[in-house]
Amino acid sequence: MSAEKRKVAYIDGKPYEIGPNHTSILKFVKSYLGEKKVPTLCDDPNLAPYGACRVCSVEVALEKDGPTKVVASCHTPVGENQHIFTSNDGLQNLRKNIVELVLTDHPMNCDTCEVDKNCELQTVANDLGISDHRYNNPKQHKGTPKDTSHSYMRMNLDNCINCGRCVRACDEIQGSFVLTMSGRGFESRITTDNDMLFGDSSCVSCGACAHTCPTDAISDVFQSKSVKVDKKVRTTCSYCGVGCNLETSVKDGKVVAIDTPKETEVNAGHTCIKGRYAFGFYDHPDRLRSPLIKRNGKFEEVSWDDAYEYIKQKLEKIKNESGPDAIAGISSARCTNEENYVFQKMIRAAIGTNNIDCCARICHSPTAWGMQQTFGTGAATNSTEDIYHADLFLIIGANPTNAHPVTGAKIKQQVMKGKKLIVLDPITTDIAKLADYHIRLRPGTNVAVLNMMLYYIVKGNLLNKDFVENRTEGFDEFLNHINGLDIDHLASVAGVDKQLVKEAAIAYATAKNSMEFHGLGVTEHEQGSKTVMLIADLAMITGNIGRRGVGVNPLRGQNNVQGAADMGCQPHQGAGYFPVADKKIQDFYTEKYGAVHPTKAGLKIPEIFDAAINKEVKGLWIIGEDIVQTDPNSAHVIKAMESLDLLVVQEIFMSETAKLADVVLPGTTFLEKDGTFTNTERRVQRVNKAAEPLPGTKPDGVIVTEMMQKLGYDQPTYDADQVLAEVADVVPFFKGITRERLGKLGLQWPVKEDGTDTKILHEKEFKLGKGRLKSFDWKESTEIKNNIKEYPLILTTSRVLQHYNAATMTRRTKNLNIVDEDILLVNPIDAKERELNNGDIARLYSGRGEVSLKVEVTDKVKEGIVFTTFHFPEHMVNMVTGDGKDEETKCAEYKVSAVQVQKISNKFKTEISPSEKQAEIVRN
Ligand code: SF4
């Protein structure tokens, strides 16, 4: 018992302690006496208290035996010594009367209503003993036509009770303001923006309205609340790094719907279109269902044993003739931690090489490297929930409302509530439209603009001197560098307004808590790692690190890219980020794996491609990465693949890369496997099998393990829990993780042996002891220096909300109904010069290749910049992107490709373009 007196309030005469989360009487009562103690109708714990229906009314007295007052418990704060009465005849009559009035505007025949038992209105009515109502409403809004225009949701407003939950969810959770209430009195009804059909509205399909609707007036197409399912399985989304918790509904062994579970920390009541609706790929007819070996240019179905034997013989031949370093592996951020761990173990312990990498190479390897150099740990310093504690957001090179939609929506909500926002982005993204300071820099000039911000903070004497003195080193050199900067030159090369940058820098330095997020617009540059280190400088000199609501927070792209790197799928660091060049570390892994650990440094992905072309790498095993479509300069990648003696591709679909393979092994989706993913905030979360693997397929961990055994390595039969236990033994920051301890909400690493996890890194000291301040000059990208004269536009690429990377999964869902091609955004000035109009087809080309794309003329892109996505193999946009790389990590420079654009045709294509021919060749 603490010395401090605990505050209590009384529920039906009994005292209960008031906790920090008891922000209303309703929350207080529910937390002690359960969900059903006080009925509710318009309340949703994920929404702000509304107090419209008043079904949750309770009586409250301010002292024992004092006079009572009826209040709506959902929005009345609980106070010390309050006496709360949850039920008496008066309250029950009041509640019944309210619900009866609600029922007057609702179909009363529950027996024929589709919604059945999951209807919250029916449940409340039943609990209150209501079987009929006494009132007549001649204007009852029956007969409203059902709106079936949306790909994923239905509106049946006959069932609507005007509780407003859907409108509030759209506003408060998603921030899209698509739904609204129109009309008055009995005429009031839900409408979409401009009274459009649901499917034609600006809905972004997050499903928050369907999730909260108590009566199924808005419901998912896949499963209205009426469908009885066999089981619900909680799991973690396999698209982006937000790591939303999902609840799958399984019927007859098939996943039929996905919703959000009630209890979540990551995504409370929210998902995006991908996590909630784009799961139809998992049992799509295109799924690979048998191992395949290519013979005489054609794939033949073979048994698993034959496939393993074939691979074994080829690998052994390569190893005998050229040594183990002639073999390499590329692991998958789609796969679980356990699968990534066994794969890197196979490459290192069973094959004997450090040639193992993953897609972090082409996304956040500069983040990991840069933050390791400055802080000692390369992962996000803070938790997503810190968004609620920040006063200012600095977003650099990220489009979170498209690429990390649930986190993007949270930031958007906070900004709409008045928190400040700085965005550094050449594109006017949705989040940039809300920014107080949108610095529209030229791609490739992040270092210039960050140097400017650092300069203005130093010159404005806005440093956190205590932090700099006690927690950092290298300040003198840092200061010398700042003093030598030519701000006019930097502003000119970046194409930015000095005053705007100055104001943004002052805002960042003077806000109480400034929280930074960055994406691939930081890392996918020649100076990507340097940019990350300057972001670290910004946080350190202003003391915005090591506490709540601040920090440096990479938005990791793929669901488990953090985990793939944590598990050692990197050529220079093994599981737990131990440097494999260190003899002591080699001995450590040798002891753990029971096999001599390789000593030679491994190759990074671009080096693997070059080595394949040079015949130094002859065998490559790729899991779940469509490198032909997603890695830059596709022609170079294809040449590398075609140079190999053995290409093994473990996939769920016949991807562009799989088409070039010698052996294809059919893996499974996240819905068919157990394990864990680690999200962008270091949260290790459980992945639970919802459906059995499709016939002919195997979970990826099983495939790798069986291959290890075939190669003679003594690896036990694959069991995700056992592998996790091994990971906990090898990786120090996984020490206290067990599957049981992860529970529903997961744990954020580092996790101590006793299971305590870590929400904020670097609170007292950095892993390096003191944080290292670094200085760098801006340098023009080699790509621009060499090519901009001939190719005067800068191409930068990213994703749309509806699709994910190569769109291998999302293209096999109804998301394709919404977006079905890559579009080229061109600034009106550049378009005019080239006589381009909306809908025209243009040739986009560089020194590497060319593609043809439909044009959208828009000032979302700055003059001199063009933008597109790379979701569709029909276009193969990476034919055009270049070979530029981050100087330290070799991360591809996707954000800067020198290109030219030329009109091919007006609106509709008249003939097949060279790019289409090229893409056709790749596809076949
Ligand atoms: Fe999945 Fe990311 Fe969407 Fe969440 S925000 S549902 S993790 S894709």
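In what follows, the structure referred to is the one given above.
We now turn to the structure provided with this report. This one's a predicted model, so the numbers in the text were calculated from it and none came from an experiment.

Summing up its helical and strand segments, the chain has 31 helices and 35 strands in all. Its C-alpha atoms give the chain a radius of gyration of 29 Å, near enough to 29 Å, the size a compact globule of 924 residues would have. Taking the principal axes of the C-alpha coordinates as reference, the chain spans close to 90 × 70 × 65 Å. When the 924 residues of the chain are sorted by exposure, 63% land in the buried category.

One can describe the packing of helix α13 (residues 446-459) onto helix α17 (residues 498-510) by two numbers: an axis separation of 8 Å at closest approach and a directional angle of 60°. As for how α13 packs across α17, the hand of that crossing is right-handed. Residues Val449, Met452, Met453, Tyr456 and Ile457 of α13 form the contact with α17, whose participating residues are Lys498, Val501, Lys502, Ala504, Ala505, Tyr508 and Ala509. Of the residues in the contact of α13 with α17, the class split is ten nonpolar, no polar and two charged.

Checked against the element boundaries, Asp719 lands in the loop between α25 (700-710) and α26 (720-730). For the pair formed by Asp719 and Ile411, sequence separation is 308 residues and the distance between their alpha carbons is 38 Å. Side-chain polar atoms of Asp719 contact the backbone nitrogen of Asp721, separated by 3.0 Å. At a separation of 2.9 Å, a polar atom in the side chain of Asp719 contacts the main-chain amide nitrogen of Gln722.

Attention now moves to the sheet that holds strand β2 (residues 14-17). The strand order across the open sheet formed by five strands is β2-β1-β5-β3-β4, and the pairing between neighbours is mixed. Each of the sheet's edge strands pairs with one partner strand only, and the pair in question is β2 and β4 (68-72). Across this sheet, the average inter-strand angle for adjacent strands is 35°, counted without regard to direction. Bridge count for strand β3 (residues 57-61) against strand β5 (residues 83-85) is three bridges, and the pairing is antiparallel. By the bridge assignment, Val60 is partnered in β5 with Ile84. Contacting β1 (8-11), β2, β3, β4 and β5, helix α1 (residues 25-33) crosses the sheet at an angle of about 100° to β2. Packing against the sheet, helix α2 (residues 89-103) makes contact with β3, β4 and β5, and its axis sits at approximately 150° to β3.

With that settled, consider the site of the ligand. Taken together, the residues surrounding the ligand are Cys237, Tyr239, Cys240, Val242, Gly243, Cys244, Thr271, Cys272, Lys274, Gly275, Pro405 and Val406. Mapped by element, the contributors of at least two residues to the shell around the ligand are α6 (273-277) and α11 (405-416). Counted by class, the shell around the ligand contains eight nonpolar, three polar and one charged residues.

Within α1, the full set of buried residues consists of Ile25, Leu26, Phe28, Val29 and Lys30. Among the residues trailing α1, Gly34 stands out with phi positive, at a value near 90°.

A separate point is the packing of aromatic side chains. Under the defined criterion, the tally for this structure stands at 21 aromatic pairs. Among the aromatic residues, ring-to-ring pairing joins Tyr341, Phe578, Phe588, Tyr589 and Tyr593 into one connected group. One residue, Arg471, lies across the ring of Phe766, its end atom 4.6 Å from the ring centre. Over the ring of Tyr845 we find Arg843; its NZ or CZ atom is 3.8 Å from the centre of that ring.

Formed by 71 residues in total, the largest nonpolar core has its most connected members in Ile311, Tyr341, Met346, Trp621, Val663, Leu665 and Phe734. For this core, the leading source of residues is helix α8 (residues 337-351), giving eight residues. Core analysis: the next-biggest nonpolar cluster, separate from the first, contains 55 residues, Leu394, Leu441, Met453 and Leu534 among them.

Read from one edge of the open sheet, three strands run β26-β27-β28, paired in antiparallel fashion. Two strands in the sheet have a free side with no partner beyond their single neighbour: β26 (675-678) and β28 (747-748). Looking at chain direction, β26 and strand β27 (residues 683-687) are connected through four bridges and run antiparallel. Following the sheet pairing, Phe677 is matched in β27 by Gln685. Sheet contacts for α8: β26 and β27; angle to β26, the most-contacted strand, approximately 95°.

This part is about α11. An α-helix turns once every 3.6 residues. As a result, residues three or four positions apart point the same way. Compared with the 16 Å implied by 1.5 Å per residue over twelve residues, the 16 Å span of α11 between its first and last C-alpha is a close match. Counting buried positions along α11 gives eleven out of twelve residues, so the element sits mostly inside the fold. Among all positions of α11, only Pro405, Val406, Thr407, Gly408, Ala409, Lys410, Ile411, Lys412, Gln413, Gln414 and Val415 are buried. One or two residues past the end of α11 sits Gly418, with phi positive at roughly 115°.

Mapped onto the secondary structure, Val532 falls in helix α19 (residues 528-541). When its relative accessible area of 0% is taken as the criterion, Val532 is described as buried. Sequence separation of Val532 and Met371 is 161 residues, and the distance between their C-alpha atoms is 6.8 Å. Contact partners of Val532, with chain neighbours within four places excluded, come to Pro366, Thr367, Gly370, Met371, His518, Val522 and Thr523.

Turning our eyes to something else, we now look at the side chain of Thr191. Mapped onto the elements of the fold, Thr191 is located in strand β8 (residues 189-192). Contact partners of Thr191, with chain neighbours within four places excluded, come to Val178, Leu179, Thr180 and Ser182.

Below, the discussion takes up the pairing of strand β24 (residues 646-651). Buried residues dominate β24, accounting for six of its six residues. In β24, alternate side chains face the same way, and those of Leu646, Val648 and Gln650 on one face and Leu647, Val649 and Glu651 on the other are all buried. Pairing geometry for β24 and strand β25 (residues 663-666), over four bridges, is parallel. Counted as the bridge partner of Val649 is Val664 from β25.

Residues Phe177, Met416 and Leu434 make up a contiguous nonpolar surface patch of about 250 Å² in total accessible area. Locating Leu434 in the fold gives a position in the loop between α12 (430-433) and β19 (437-439).

With that settled, the discussion passes to the pattern of salt bridges. This structure, assessed with the given rule, holds 46 salt bridges. One salt bridge in this structure joins Arg165 and Glu120, with 3.0 Å as the shortest N-O distance. Pair noted here: Arg165 is in helix α4 (residues 165-174) and Glu120 is in helix α3 (residues 120-127), with a separation of 45 residues, a long-range link. On the basis of relative accessibility, which here comes to 4%, the residue Arg165 falls in the buried class. Among the ionic contacts, a cluster of salt bridges with common partners joins Glu526, Lys530, Lys779, Glu887 and Glu888.

This part takes up the pairing of strand β13 (residues 292-295). The pairing of β13 with strand β14 (residues 298-301) spans four bridges and is classified as antiparallel. Within the sheet, the bridge partner assigned to Arg295 lies in β14 and is Lys298. Linkage of β13 to β14, two consecutive antiparallel strands, is achieved through a turn of two residues, within which Asn296 is found at a positive phi near 50°. Note: β13 against β25, two bridges, orientation antiparallel.

Moving on: unusual backbone geometry. That bond from Trp749 to Pro750 is cis: its omega, 0°, falls within 30 degrees of zero. With respect to the secondary-structure elements, Pro750 resides in the loop between β28 and β29 (771-772). Phi is positive for Ser205, which is not a glycine, with a value near 60°. Structurally, Ser205 is set in the loop between β8 and α5 (208-212). Of the residues examined, Ser205 reaches a relative accessible area of 3% and is grouped as buried. Unusually for a residue other than glycine, Asp216 sits at a positive phi of about 70°. Along the chain, Asp216 falls in the loop between α5 and β9 (218-220).

Rules of the game
Residues numbered from 1 in each chain as written. Predicted model: local features only at pLDDT ≥ 70, side-chain atom pairs only at ≥ 80, totals over all residues. Heavy atoms only, no water. Helix = DSSP H or I, 4+ residues; strand = E, 2+ residues; numbered from the N terminus. Rg over C-alpha atoms; globule rule 2.2 N^0.38 Å. Buried < 20%, exposed > 50% of the residue type's maximum accessible area, 1.4 Å probe, protein only. Axes fitted to C-alpha atoms, helices over the stretch in contact; angles between N-to-C directions. Left-handed = near helix turned anticlockwise from the far one by under 90°. Contact = heavy atoms within 4.5 Å. Nonpolar A, V, L, I, M, F, W, Y, C, P; charged D, E, K, R; others polar. Polar contact = N/O pair within 3.5 Å; in protein donor to acceptor, adjacent residues only side chain to side chain. Pairing = 2+ DSSP bridges. Near = heavy atom within 4 Å. Phe/Tyr/Trp six-rings, centres within 6.5 Å; stacked < 30°, edge-to-face > 60°. Lys NZ or Arg CZ within 6 Å of the ring centre and 35° of its normal. Core = buried A, V, L, I, M, F, W, Y, C linked by side-chain atoms within 4.5 Å. Expected span 1.5 Å × (residues − 1). Patch = residues over 30% accessible without salt bridge, like charges linked within 9 Å, V, L, I, M, F, W, Y side chains within 5 Å. Areas by Shrake-Rupley, 256 points an atom, 1.4 Å probe, with all protein chains shown as cover. Salt bridge = Lys/Arg side-chain N within 4 Å of Asp/Glu carboxyl O.

The values are spatial; any link to function lies outside them.
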